[in-house]
Amino acid sequence: MIRAVPIGDLRALDPIWTTAYITRNHAYMVWDTLFAMDASNTPQPQMVGEYGVSGDQLTWTFRLRDGLLWHDDTPVRAADCVASIRRWGARDGMGRALLSVTDSLTARDDRTFVLVLKRPIGFVLEALGKIDSNVPFMMPERLARTDPSTQIGEIIGSGPFRFIREEWIAGVKVVYEKNTRYVPRSEPPSQAAGGKVVKVDRVETLYTPDSATAANGLMAGELDMLENPAPDLVPQLTRHRDVIVAPNDPLGYQLFQVINHLHPPFDNVLARRALQTAISQSDFMNATVGDRTPWRECGGIFGCFGEDTQKAALGWPAQNLARATALLRESGYDGRPIVILDPADNATLHPAALVTADTLRKMGANVDLQAMDWSALVQRRNNRAAPNAGGWNLFITNATITGIANPLLNIFTRHCEEAWFGWPCDRRVPELMTAWTFEGDAAKRNEIMMALQKVHVETVTSIPLGQYRSVIAHRRALRGVIPGPALFYWNVEKA
């Protein structure tokens, strides 16, 4: 058995309904995918056994591999996959792009389904193998027919673990048991792809909001893994002879500030620019991960992969607190409380919320910092009401660089009808995204990407706060942990 402290308290169980990473990690235990990204981020077949595409690149045929069963012992059918793709495509940006050029998606027989496109596109397998939220997990048809804005009622997958609902205690414990009827692929594991061979009978994730308690439990051998160790405790964990601290995600994360565009003061672009002008990324990075984790400043909306020379080119203002204060006054800010949601149980996001509050106070703003756990924040961020009526103005979150690397993947930068929480709307954004999606010339795509990033900076969709590498900590007795943007518990054995 493995006992682990997860990245948060699991409250939402449906990975299509929410983008929360705690739910995504849960979903990788329970559900499987048609394709999956290997360590080079190349899509590989997972539930699919054979597939092919017509010469005109319009008709894609997929056949499911042998041995696929739902946890209720019924066979996985092509109709289940068709319904799952449609439900995912109603919520996810990449899925919407795929369905927008889909002429038909039908089950030919129990194991074969056919996707017919209106025009050739280059991202069919990348969409079906998407590794980060929202991941296109396959569900039984009866669940996949649930309205995508409503959470599913059953947790029935075909993945390597079963969710033991009767042992789930929200705020305390989540239990998974090995799915003994799961048939893994024969290939070696590689990130989310390859054989998902389960080598333990049971995994318990124990919500432990106190970081010191979690660290002490790991060092004492009462716990096997910390999915998100507190940065200030990493040196102590690193020195312990029975603990390994290692990067998990090869590319790391971007930390960013989510802004509510619906309500004052940040419905006014001048107020958003005031906040943008006040931000020092190095202040946020030092407060959250400090010198214990590699970090860098990054002005790129879609992350930074080389030297960051983008800030000036994209139009980022120089950090200037006096100028920020003047802009906030110029916006007409009337002194009303600015509600910041503070996930006090998250060792990375909580310090960033405190820095945000301190920055606003230095600008002369009235700050209402509201502490809660991350799962409560995930529920609260759906609320479009005014901040003084249960809504909010700001919160901090993070995203894997893998998951934000281009406009199709990055759900956080969508605008208008497809907007994520914060609900920004500048019509240039969806127009540029569509142009980028269907542009075949690489040079023109880069030009569109630059133009799109400039619009995001100009409208202040959200504010990047820096880029950093994440780490996990586990007992030396655990072997076979697979690096990736999510936590995977297959292939892990306990010596």
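Just so you know, these numbers come straight off a predicted model, no measurement behind them.

Cut-offs and rules
- Residues numbered from 1 in each chain as written.
- Predicted model: local features only at pLDDT ≥ 70, side-chain atom pairs only at ≥ 80, totals over all residues.
- Heavy atoms only, no water.
- Buried < 20%, exposed > 50% of the residue type's maximum accessible area, 1.4 Å probe, protein only.
- Helix = DSSP H or I, 4+ residues; strand = E, 2+ residues; numbered from the N terminus.
- Pairing = 2+ DSSP bridges.
- Disulfide = S-S within 2.5 Å.
- Salt bridge = Lys/Arg side-chain N within 4 Å of Asp/Glu carboxyl O.
- Core = buried A, V, L, I, M, F, W, Y, C linked by side-chain atoms within 4.5 Å.
- Contact = heavy atoms within 4.5 Å.
- Axes fitted to C-alpha atoms, helices over the stretch in contact; angles between N-to-C directions.
- 1 Å grid on protein atoms, 1.4 Å probe; cavity = no way out; pocket = protein on both sides within 12 Å on 5 of 7 lines; lining within 4 Å.
- Points joined across faces, edges and corners; volume = space filled by probe spheres on them.
- Nonpolar A, V, L, I, M, F, W, Y, C, P; charged D, E, K, R; others polar.
- Parallel < 35°, antiparallel > 145°, perpendicular 65-115°, else oblique.
- Left-handed = near helix turned anticlockwise from the far one by under 90°.

1. Remarks on the pairing of strand β6 (residues 59–64)
Step number 1: Every second residue of β6 is oriented toward a common face, the buried set being W60, F62 and L64 and the non-buried set T59, T61 and R63.
Step number 2: Where strand β5 (residues 48–53) meets β6, five bridges bridge the pair, whose relative direction is antiparallel. The partner of V48 across the bridge, within β6, is L64.
Step number 3: Hairpin connection from β5 to β6: five residues lie between these consecutive antiparallel strands, with Q57 at a positive phi of about 65°.

2. Regarding the state of the cysteines
Step number 1: In the structure shown here, the tally under the stated rule is two disulfides.
Step number 2: At a sulfur-sulfur separation of 2.1 Å, the disulfide partner of C298 is C304. On the sign convention where negative is left-handed, the bridge of C298 and C304, at about 90° about the S-S bond, is right-handed.
Step number 3: For C298, a relative accessible area of 1% corresponds to the buried category.
Step number 4: When its relative accessible area of 4% is taken as the criterion, C304 is described as buried.
Step number 5: Bridging C416 to C425, the disulfide has an S-S length of 2.1 Å. One disulfide, between C416 and C425, carries an S-S torsion of 95° and so falls in the right-handed class.
Step number 6: Accessibility expressed as a relative area gives 13% for C416, which makes it buried.

3. Quick word on unusual backbone geometry
Step number 1: Note that the residue after S133, namely N134, is joined by a cis bond; omega there is -10°.
Step number 2: Following P264, the chain continues into P265 via a peptide bond in cis, with omega recorded as 0°.
Step number 3: Turning to its location among the elements, P265 is positioned in the loop between β15 (253–259) and α8 (269–278).
Step number 4: Positive phi values are uncommon outside glycine, yet V460 reaches one of about 55°.

4. Brief notes about the pattern of salt bridges
Step number 1: If you walk through the whole model with that rule in mind, you get 30 salt bridges.
Step number 2: In this structure, D66 and R111 form a salt bridge, with 2.6 Å as the shortest nitrogen-oxygen distance. Taken together, the positions of D66 in the loop between β6 and α2 (78–91) and R111 in the loop between β7 (102–107) and β8 (112–117) put the pair 45 residues apart, joining distant regions of the chain.
Step number 3: Between R202 and E177 there is a salt bridge, and its shortest N-O distance comes to 3.3 Å. With R202 in strand β12 (residues 202–206) and E177 in strand β11 (residues 173–178), this pair connects stretches of sequence that are 25 residues apart.
Step number 4: A relative accessible area of 16% places R202 in the buried class.
Step number 5: In this structure E177 comes out as partly exposed when scored by relative accessible area, which is 31%.
Step number 6: Sharing partners across several salt bridges, the network here consists of R3, E167, E177, R202 and E204.

5. A short note on the nonpolar core
Step number 1: Core analysis: the biggest nonpolar cluster contains 137 residues, and L34, F62, L98, V124 and L360 have the highest contact counts within it.
Step number 2: Every residue in contact with V124, bar those within four places of it in the chain, is listed here: W60, F62, L98, L115 and L117.
Step number 3: Ranked by size, the runner-up nonpolar core spans 14 residues in total, among them V5, L206, A215 and A347.

6. Some remarks on the sheet that holds β12
Step number 1: Strand order in this open sheet of seven strands is β10-β11-β12-β1-β13-β21-β14, and the pairing throughout is mixed. Across the chains shown, the open sheet's two edge strands, defined by having one partner strand only, are β10 (161–163) and β14 (243–247).
Step number 2: Across two bridges, strand β13 (residues 225–226) lies against strand β21 (residues 471–475) in antiparallel orientation. The residue bridging M225 from the neighbouring strand is H474, located in β21.
Step number 3: Relative to the sheet, helix α1 (residues 21–30) contacts β10, β11 and β12, its axis offset from that of β10 by approximately 120°.

7. Points about empty space enclosed by the protein
Any space left empty among the atoms is revealed by the rolling of a water-sized probe across them.
Step number 1: Inspection of every chain in the model, using the stated rule, returns 11 cavities of 30 Å³ or more.
Step number 2: Each pocket or cavity is described by its volume, and for the largest cavity that value is around 430 Å³.
Step number 3: Around the largest cavity sit 33 residues that line it, and I7, Y21, N228, Y253 and N398 are the ones nearest its centre.
Step number 4: Of all the secondary structure elements, the ones that give two or more residues to the lining of the largest cavity are α1, β19 (394–400) and β21.
Step number 5: In terms of residues, the lining of the largest cavity owes the most to one element, α1, which gives three residues.
Step number 6: Of the residues assigned to the lining of the largest cavity, the class counts are 17 nonpolar, 11 polar and five charged.
Step number 7: In this structure, the second largest cavity encloses a volume near 190 Å³.
Step number 8: Looking at the lining of the second largest cavity element by element, the count peaks at three residues for helix α6 (residues 211–219).
Step number 9: In the lining of the second largest cavity, the residues fall into 13 nonpolar, five polar and two charged.

8. Notes on the packing of α2 against helix α3 (residues 93–100)
Helix packing for two helices is described by the angle between their axes and how far apart those axes are.
Step number 1: Where α2 contacts α3, the axes come no closer than 6 Å and their chain directions differ by 115°. Between α2 and α3, the angle falls in the class roughly perpendicular. Crossing of α2 against α3: the hand is left-handed. Facing α2, whose interface residues are I85, R86, W88, G89, A90 and R91, α3 presents G93, M94, G95, R96, L98 and L99.
Step number 2: Considering only residue class, the contact of α2 with α3 consists of six nonpolar, three polar and three charged.

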